[in-house]
Amino acid sequence: MWTLQSSDTDTPLLTFRLSPGSIKTIGRSSGAELIVDAALVSRLHCRVEAHDETLEVIDLESTNGISVNGERVIRAHMIPGDRLTVGRVELQVGRSDS
């Protein structure tokens, strides 16, 4: 099970769980499966695809883009310990056995 968890103390704690094989969108609208209601987050900001060994993120032509470990990307594969930034929200990538 993959996890994305916010680490910023200025925003409410967010925790998302993704099983391998799942595909979810992140955004601030109710049309997104993983809702991040924060400044600079587009309605449908990015898509995450959970694979067995990596978590892939794809920017959905968002206004402010995405960053992985501080580097702006359009598409990236992430592993536990990586940081995904959507708008001003940083999400830490984790992995659990449950």
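Here is what the cut-offs are and how they apply
- Residues numbered from 1 in each chain as written.
- Predicted model: local features only at pLDDT ≥ 70, side-chain atom pairs only at ≥ 80, totals over all residues.
- Heavy atoms only, no water.
- Pairing = 2+ DSSP bridges.
- Helix = DSSP H or I, 4+ residues; strand = E, 2+ residues; numbered from the N terminus.
- Axes fitted to C-alpha atoms, helices over the stretch in contact; angles between N-to-C directions.
- Contact = heavy atoms within 4.5 Å.

Participant: I keep staring at the sheet that holds strand S8 (residues 71–73) and nothing clicks. Help me out?
Facilitator: In a beta sheet, neighbouring strands pair by backbone hydrogen bonds and run either parallel or antiparallel. Read across the open sheet, the six strands follow the order S2-S1-S11-S10-S7-S8; overall the sheet is antiparallel. On the outer flanks of this sheet lie strand S2 (15–18) and S8, each paired with one strand and no other. Across the sheet, the mean angle from the axis of one strand to that of its neighbour is 30 degrees, orientation sign disregarded. Across three bridges, the pairing between strand S7 (residues 66–68) and S8 is antiparallel. Opposite Ile66, over in S8, you have Val73 as the bridge partner.

Participant: What exactly am I supposed to notice about the sheet that holds strand S4 (residues 34–35) here?
Facilitator: Ordered by their spatial adjacency, five strands build an open sheet running S4-S3-S5-S6-S9, and the pairing between neighbours is mixed. At either margin of the open sheet sits one strand with a lone partner, and together these are S4 and strand S9 (75–78). Here strand S3 (residues 23–27) runs beside S4; their pairing, made up of two bridges, is parallel. Counterpart to Gly27 in the pairing with S4 is Ile35.

Participant: Quick question: what am I supposed to make of the environment of Leu14 here?
Facilitator: Summarising the element assignment, Leu14 is placed in the loop between strand S1 (2–6) and S2. In this structure, the C-alpha to C-alpha distance between Leu14 and Val93, residues 79 residues apart in sequence, is 12 Å. In this view, Leu14 contacts Leu4, Gln5, Ser6, Ile35, Val36 and Val89; residues no more than four positions away in its chain are not counted.

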